[in-house]
Amino acid sequence: RMHFNPRRFSVWMLSGVWHGCLSWLVPNLVIGADSPGISPNFNKDWWIGSIVSFSLVLVCVDFRLWLVALNKLSPWTLLGLLSSPVLYLTTLIVFGHTYLGEWMQPQLAGVPLAVLKDAKAMAALFLAPLALAVDALIYMLILHICPSPLDEVRRTFKPSRVSPPLGGRTHAGAVDAAA
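Calculation notes
Residues numbered from 1 in each chain as written. Predicted model: local features only at pLDDT ≥ 70, side-chain atom pairs only at ≥ 80, totals over all residues. Heavy atoms only, no water. Salt bridge = Lys/Arg side-chain N within 4 Å of Asp/Glu carboxyl O. Helix = DSSP H or I, 4+ residues; strand = E, 2+ residues; numbered from the N terminus. Buried < 20%, exposed > 50% of the residue type's maximum accessible area, 1.4 Å probe, protein only. Axes fitted to C-alpha atoms, helices over the stretch in contact; angles between N-to-C directions. Parallel < 35°, antiparallel > 145°, perpendicular 65-115°, else oblique. Contact = heavy atoms within 4.5 Å. Phe/Tyr/Trp six-rings, centres within 6.5 Å; stacked < 30°, edge-to-face > 60°. Lys NZ or Arg CZ within 6 Å of the ring centre and 35° of its normal. Core = buried A, V, L, I, M, F, W, Y, C linked by side-chain atoms within 4.5 Å.

1. Details of the pattern of salt bridges
Here the structure, examined in full by the defined rule, presents one salt bridge. Across the pair Arg 64 and Asp 135 runs a salt bridge whose closest N-O atoms are separated by 3.4 Å. A residue pair is termed long-range when its members are at least 10 positions apart, and Arg 64 in helix H2 (residues 44–68) and Asp 135 in helix H7 (residues 133–145) qualify at 71 residues. The burial state of Arg 64 is the same as that of Asp 135; both residues are buried.

2. A short note on the packing of H2 against helix H3 (residues 75–97)
The axes of two packed helices give the description: the angle between them and the distance between them. Contact geometry for H2 and H3: axes closest at 10 Å, N-to-C directions at 170 degrees. Here H3 runs roughly antiparallel to H2, going by the angle between their axes. Across from Ile 51, Phe 54, Ser 55, Leu 58, Asp 62, Leu 65 and Trp 66 in H2, the residues of H3 making contact are Leu 81, Ser 84, Pro 85, Tyr 88 and Leu 92.

3. Some thoughts on the packing of aromatic side chains
Each aromatic ring pair is specified by the distance between its two centres and by the angle formed by the two planes. Taken as a whole, this structure holds three aromatic pairs when the rule is applied. Ring centres of Trp 46 and Trp 47 lie 4.9 Å apart, and the angle between their planes is 80 degrees; this geometry places the pair in the edge-to-face category. When the ring of Phe 63 is compared with that of Trp 66, the centres are 6.4 Å apart and the planes differ by 35 degrees; the resulting orientation is tilted. Of this pair, Phe 63 and Trp 66 both sit in helix H2, three residues apart, roughly one helical turn. The ring of Trp 12 carries the charged tip of Arg 64 above its face, separated from the ring centre by 4.3 Å.

4. Section: the nonpolar core
Judged by nonpolar contacts, the single largest core of 20 residues is most densely connected at Ile 48, Ile 51, Val 52, Val 111, Val 115 and Ala 121. Top element by residues in this core is H2. It accounts for seven residues. Discounting chain neighbours no more than four positions away, the residues touching Ile 48 are Ile 31, Val 111, Ala 114, Val 115, Asp 118 and Ala 121.

Right under this line is the structure:
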């Protein structure tokens, strides 16, 4: 109950709504396409906005996961967070620039490269994540106002060390039993 309770669930749900609004509204308002179009007349601007939106979802989710990670610079944490954009870019290339992608998803033919050439799309892709500073601020406030027991232990010791060194002193000043 300490790690999953109604308050924490509510915060995560509000965060999800915030990220969803940020990820959909910013590209939709900046690029301004109204519909995806129908075959064979697909609206390329709508699909550019769609790629930017999904890319922003990936950025929001990865940022939030990194923000709450216990060991933010751990190789495993970084590997997990870096693998999702690499796999996403691979998927975009396959769906947007190969015969297989054109066969499976003809709407995306050439769109990933068009995203890189579109100034509005690139502005939305790079400026919208700045709004995630709100998440970082709220997380830091919660961490300092009502820390969990693990957060208190992590504050007592060095940020890179959760347990005291062998033979060292604990945070209460007592000598470690292993000494």
